[in-house]
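Chain by chain, the residues:
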Amino acid sequence: MKTRSILPVLLASVLVGCSSPAPETTYTDNFRHSALGFLPDAEKEMTINLPDAESFRVRRADNDKVVFEGALSEVLSQEDVAQSVRIADFSELSKTGEYYLEVPGVGRSRNFVIADNVYDDAYAHAMRAFYLWRCGTAIDYTFEGKRYQQDICHQGDGHEDYIGNAGQSHDGTGGWHDAGDYGKYTVNAGITGFTLLWAWEQFAPALQSIEIGLPETAPGYPEFLKEIKWETDWLLKMAYPDGSGKVSHKLTALNFSGFYTMPEEDLQARYYTDWSSAAVADYVGFLAQASRAFAPYDAEYAKKCLDAAKVSYDFLKSYPTQKFLMQREFTTGAYFTIDPDDRMWAAAEMWESTGEKQYLEDFEQLAEQQKFTVDVNWDWDNMRNLGMFRYAVSQREGKNPEIDAKIKENIIAAADEIVATAETDVYARPMGGRYYWGCNGTVGRQTLGLQVADILSPDAKYLATARDAVAHLFGRNYYDRSFVTRLGFNPPMYPHDRRSAADDVHGPWPGYVVGGGHTATDWIDNQDSYSHNEVAINWQAGLVFALAYCL
Ligand code: 9MR
Ligand code: 9MR
Ligand code: ZN
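Definitions and limits used
Residues numbered from 1 in each chain as written. Chains lettered and ligands numbered in written order. Predicted model: local features only at pLDDT ≥ 70, side-chain atom pairs only at ≥ 80, totals over all residues. Heavy atoms only, no water. Buried < 20%, exposed > 50% of the residue type's maximum accessible area, 1.4 Å probe, protein only. Helix = DSSP H or I, 4+ residues; strand = E, 2+ residues; numbered from the N terminus. Pairing = 2+ DSSP bridges. Near = heavy atom within 4 Å. Polar contact = N/O pair within 3.5 Å; in protein donor to acceptor, adjacent residues only side chain to side chain. Areas by Shrake-Rupley, 256 points an atom, 1.4 Å probe, with all protein chains shown as cover. Nonpolar A, V, L, I, M, F, W, Y, C, P; charged D, E, K, R; others polar. Axes fitted to C-alpha atoms, helices over the stretch in contact; angles between N-to-C directions. Parallel < 35°, antiparallel > 145°, perpendicular 65-115°, else oblique. Left-handed = near helix turned anticlockwise from the far one by under 90°. Contact = heavy atoms within 4.5 Å.

**Let's talk about the pairing of strand S11 (residues 97–103)**
Across the seven residues of S11, five count as buried, placing the element largely inside the fold. Summarising the sheet, strand S6 (residues 55–60) and S11 pair through four bridges and their orientation is antiparallel. In the sheet register, arginine 57 faces S11, and the bridge partner there is glutamate 102. Pairing of S11 with strand S13 (residues 112–114) involves three bridges; the strand directions are antiparallel. Across the sheet, residue glycine 97 finds its bridge partner in S13, namely isoleucine 114. In this sheet, strand S12 (residues 107–108) lies alongside S11 in antiparallel orientation, the contact comprising two bridges. Along S12, the bridge assignment pairs glutamate 102 with arginine 108. Here S11 folds back onto S12 in antiparallel fashion, the turn holding three residues, of which glycine 105 has a positive phi close to 85°.

What follows is the structure, given as structure tokens:
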């Protein structure tokens with residue numbers, strides 16, 4: 001049987017081969033991973049006679065000594081990728097060192113490392129990517145000899161014309177640019193903040209032990225929270241200046257700037273848009289959650305966040321119907337979304353932050369309307385899981401035990417489905433055959449659902465599947481390529497990212513996960529294809545969380 005194959009997926013060690021000019025560093029773990037990144041003589045287009053390749057070896061990189069030999073799995077076929085794949089499982093090899101894998105008659109992989117700290121660097125880069133996204137400040141960062149720079153940008157943020165005050169403006173500087181564009185969107189800030197802060201809540205000691213290398217913008221705060229505060233400082237400015245509690249849905253120019261534009265060259269007028277009920281709810285959720293994280297370091301600022309959240313929560317209660325953004329003349333991102341799930345999340349965070357019964361009652365009522373559903377697959381337009389997760393892990397008293405049990409059961413069932421999906425996919429992709437705009441972000445984000453299940457019903461399979469998700473993003477996939485810029489084997493070179501396109505550095509800004517394919521095989525590393533190859537804060541937060549869980 002002649003089968004076109006990409007080289008065997010390995011169920012054991014390798015994750016990422018790093019980019020030049022660094023030595024061939026490879027992130028790996030001792031768990032269950034792929035060793036892709038075969039050298040050019042074994043490109044994925046090559047046709048190999050699979051039945052002839054029955055075994056594999058792992059050799060030490062320094063002296064070529066064979067340290068492990070094993071049999072390849074049987075041939076596994078998968079329709080969506082139209083491939084047959086064999087798996088080389090060397091999970092048993094756990095000795096620290098640098099290795100490569102060899103399949104007789106096929107070729108050898110790049111070198112990879114087995115060590116305890118293989119995720120550390122990737123985590124730091126993924127988190128630093130938020131810093132590099134900062135709006136309203138100059139950036140100067142050197143990565144592997146390349147200098148990434150921007151000047152202070154968007155100092156005119158923003159005008160109030162669309163919130164009823166023609167000709168007026170107020171300070172809306174700061175925050176992160178949303179993606180490959182320079183807009184700032186409240187709804188997307190919400191899910192991003194939640195995901196990052198959940199990582200902090202769960203893994204603060206591990207995160208604190210890894211330096212990101214940020215400037216001093218929030219004295220007394222741990223680095224991770226300095227970065228979050230950069231965003232909440234901006235988010236607070238999205239509230240209407242009239243004190244009503246309304247929150248602008250976004251702050252952007254009327255149209256996206258030209259593609260070859262550095263942030264500081266984007267001089268279009270930018271406006272606060274009118275409010276939406278989802279944006280108000282997401283503002284509440286993020287600020288209420290952040291207030292708890294900030295409290296030990298800065299009680300005054302924590303109170304400011306919670307007070308702002310309360311004002312907007314009260315406003316939401318007074319406005320129980322859906323209010324959508326009106327795009328009017330704007331053609332920038334819409335982030336249109338219905339609000340019951342956002343309101344539910346806001347109630348959960350308010351309850352957790354205050355312990356007040358009204359919020360608990362609101363949550364339980366809204367959760368019931370959602371039928372206590374927990375989703376395996378979720379993105380910025382579905383905040384249901386955020387509320388369910390918060391409630392499930394809360395130590396506060398007063399929960400309805402039946403609701404609590406139901407939600408926990410659904411969380412575990414959803415996580416088990418993710419595990420099962422990864423197990424049946426030849427690349428152990430935890431989303432199996434689901435593909436859409438930004439799905440790589442979901443591959444990362446899903447690990448949060450696994451981690452919550454791991455709290456409720458501890459089982460090594462959840463972390464193992466999270467490692468599968470990370471492995472997938474760093475190269476164990478159909479393309480045999482990393483999806484994270486400047487990291488891993490053969491990473492994307494042409495993300496839809498204005499900075500990367502407009503600066504004169506060869507190689508994109510580092511550490512960013514790109515959106516991914518809309519089918520199993522249609523991803524392209526092309527900067528024009530924003531639907532396949534953009535970068536975005538909500539996707540990036542999923543990657544940060546996944547790596548934090550794996551640390
Ligand atoms: O760069 C924009 C990207 O951030 C959005 O996701 C995408 C879809 O809304 O739009 C991109 O901007 C394009 C615009 O919609 C049409 N003209 C070309 C722009 C890309 O340069
Ligand atoms: O991530 C968003 C994706 O789910 C939508 O399908 C897409 C089209 O509405 O928009 C994506 O969000 C983009 C936003 O509108 C503008 N900034 C870039 C975002 C990522 O492409
Ligand atoms: Zn900016």
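Now, onward.
**Some points on the site of ligand 2**
In the vicinity of ligand 2, the contacting residues are Asp178, Ala179, Asp181, Tyr185, Gly333, Tyr335, Trp380, Trp437, Glu534 and Trp539. Tryptophan 380 is positioned such that a nitrogen or oxygen atom in its side chain is 2.9 Å from an oxygen atom of ligand 2. Take glutamate 534: an N or O atom from its side chain is 2.9 Å from an oxygen atom of ligand 2. Considered on its own, ligand 2 offers 450 Å² of accessible surface; in the complex 78% of this is hidden by protein. Class assignment for the residues of the shell around ligand 2 results in six nonpolar, one polar and three charged.

**A closer look at the packing of helix H4 (residues 277–294) against helix H6 (residues 340–354)**
Taken N-terminus to C-terminus, the directions of H4 and H6 make an angle of 25°; their axes are 8 Å apart at the nearest point. The angle between the axes of H4 and H6 places the two elements in the roughly parallel class. Seen from above, H4 lies across H6 with left-handed handedness. Here H4 contributes Ser277, Ala278, Ala281, Asp282, Val284, Gly285, Phe286, Ala288, Gln289, Ser291 and Arg292 to the contact with H6, which in turn contributes Asp342, Arg343, Trp345, Ala346, Glu349, Met350, Glu352 and Ser353. Of the residues that constitute the contact of H4 with H6, the class distribution is eight nonpolar, five polar and six charged.

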